[in-house]
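Remarks on the overall topology
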Amino acid sequence: MADLVETAIKAGNFNTLIKAAKAANLIDILKSPGSFTLFAPTDEAFANLPEGTLDSLLQDIPKLQKIVAYHVASGDVRYEDLLQINEAETVEGSIVAIESADGKIKVNNANVIKTDVIADNGVIHVIDAVLMPGIL
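Predicted, not measured: the structure shown is a model, and the values here were computed from it.

1. Here's the deal with the pattern of salt bridges
Using the criterion set out here, one finds four salt bridges in the structure. Put simply, Lys 31 and Asp 3 hold a salt bridge, and the shortest N to O gap is 2.9 Å. Of this pair, Lys 31 sits in helix 3 (residues 27-31) while Asp 3 sits in the segment before helix 1 (4-11), placing them 28 residues apart in sequence. Here Asp 3 falls in the buried class, since its relative accessible area comes to 11%. Measuring nitrogen to oxygen at the nearest pair gives 3.2 Å for the salt bridge that ties Lys 66 to Glu 92. Of this pair, Lys 66 sits in helix 6 (residues 61-69) while Glu 92 sits in the loop between strand 3 (87-89) and strand 4 (95-101), and the two are 26 residues apart along the sequence. We classify Glu 92 as buried; its relative accessible area is 18%.

2. Some words on unusual backbone geometry
Not every positive phi belongs to a glycine, and Asn 108 is a case in point at roughly 50°. In this structure, Asn 108 sits in the loop between strand 5 (104-107) and strand 6 (110-119). Classification of Asn 108 as partly exposed rests on a relative accessible area of 22%. A positive phi angle is found at Asp 116, which is not glycine, with a value near 55°. Looking at the secondary structure, you find Asp 116 in strand 6.

Calculation rules
Residues numbered from 1 in each chain as written. Predicted model: local features only at pLDDT ≥ 70, side-chain atom pairs only at ≥ 80, totals over all residues. Heavy atoms only, no water. Salt bridge = Lys/Arg side-chain N within 4 Å of Asp/Glu carboxyl O. Helix = DSSP H or I, 4+ residues; strand = E, 2+ residues; numbered from the N terminus. Buried < 20%, exposed > 50% of the residue type's maximum accessible area, 1.4 Å probe, protein only.

What follows is the structure, given as structure tokens:
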């Protein structure tokens, strides 16, 4: 198996997320042993940000670090776990809201479109929007 970064690269639709994590110097966290849950926005989710947002973030590393770290929670939180909880603490330090209804799960305002992509050091849940921490 592969770590979260290798798994995301192999999936092929997280190029922007990997680019942002590299720019934010957060690749080491995603490659470190232990368990993490990555709420991974697709390239399409990044493309849906207002024009210029991504370029602006790539120039503002502290802000970018907060945003990328806001997509990572400690621990291996699988689909079944997401159904039981209503929030998760992120590596950034804030909380994301977890909502489930009719078998569908939302993280803040993002829909989880694929769950339980397993990696050696955790799990990836694919989301359709970029999560923004409340205080930037």
